[in-house]
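Okay, here's what each chain looks like letter by letter:
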Amino acid sequence: MRLPIDRFRNVVRDSVLVSLDLLIVNDKAEVLVGRRQNPPAKDWLFVPGGRVYKEERLAEALQRISVSETGVDLSQAGGSLYGVYDHLYTDNGFGEDGISTHYAVIACLFENCPSIHSPGDAQHEYFQL
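Being a predicted model, the structure only gives us computed values, none of them experimental.

Engineer: Help me understand the pairing of strand β2 (residues 33–36) in this model?
Structural biologist: In regular strands, side chains alternate between the two faces of the sheet. Here β2 runs beside strand β7 (residues 124–128); their pairing, made up of 3 bridges, is antiparallel. Pairing of V33 across the sheet is with Q128, part of β7. Note: β2 against strand β3 (residues 45–46), 2 bridges, orientation antiparallel. When the bridges of β3 are listed, R35 appears paired with L45.

Written out as structure tokens, the structure reads:
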């Protein structure tokens, strides 16, 4: 369930978001990263990933995020849990002062993946290895 923007703003202000990071590694042990176009982490090189929505199973989130960010469905690719991390940012996606963003990130590792050359959506300006 995707929240209306005003309710989501309150969640970002008052809570921790859950997200998936996709560690996509090719056969040369190179990790796919892209330059982020949106805050938080705007202009940083970052792996593809995204929020998990309320009432969305992790497998569903993985499919949605991988297809939208890379154009490739990784939900059946046999990834593994790499770790759980915090991402803390002083800014937010609303451009409003005084609202930080906190993610609890589930990092998923996908090894020996075929090449992904361009982003599937507007989150990243470009991808590189």
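Next comes the rest of the write-up.
Engineer: Honestly, the packing of aromatic side chains in this entry has me stumped. Any pointers?
Structural biologist: The description of two aromatic rings rests on the distance between their centres and on the angle between their planes. As enumerated under the stated definition, the model contains 3 aromatic pairs in all. Ring centres of F8 and F94 lie 5.8 Å apart, and the angle between their planes is 65°; this geometry places the pair in the edge-to-face category. A residue pair is termed long-range when its members are at least 10 positions apart, and F8 in helix α1 (residues 5–14) and F94 in the loop between β5 (80–89) and β6 (101–110) qualify at 86 residues. The exposure class of F8 is buried, given its relative accessible area of 14%. Given a relative accessible area of 22%, F94 falls into the partly exposed group. Geometrically, the ring pair formed by W44 and Y89 is tilted, given 5.8 Å between the ring centres and 50° between the ring planes. One end of the pair, W44, is in the loop between β2 and β3; the other, Y89, is in strand β5, and 45 residues separate them in sequence. Exposure remark for Y89: the relative accessible area of 9% places this residue in the buried category. Taken together, W44, Y89 and Y103 form an aromatic cluster joined through their ring pairs. Above the plane of the ring of F94 lies R9, whose end atom (NZ or CZ) is 5.0 Å from the centre. The positively charged end of R64 is found above the aromatic ring belonging to Y53, 3.9 Å away from the centroid.

Rules of the game
- Residues numbered from 1 in each chain as written.
- Predicted model: local features only at pLDDT ≥ 70, side-chain atom pairs only at ≥ 80, totals over all residues.
- Heavy atoms only, no water.
- Pairing = 2+ DSSP bridges.
- Helix = DSSP H or I, 4+ residues; strand = E, 2+ residues; numbered from the N terminus.
- Phe/Tyr/Trp six-rings, centres within 6.5 Å; stacked < 30°, edge-to-face > 60°.
- Buried < 20%, exposed > 50% of the residue type's maximum accessible area, 1.4 Å probe, protein only.
- Lys NZ or Arg CZ within 6 Å of the ring centre and 35° of its normal.

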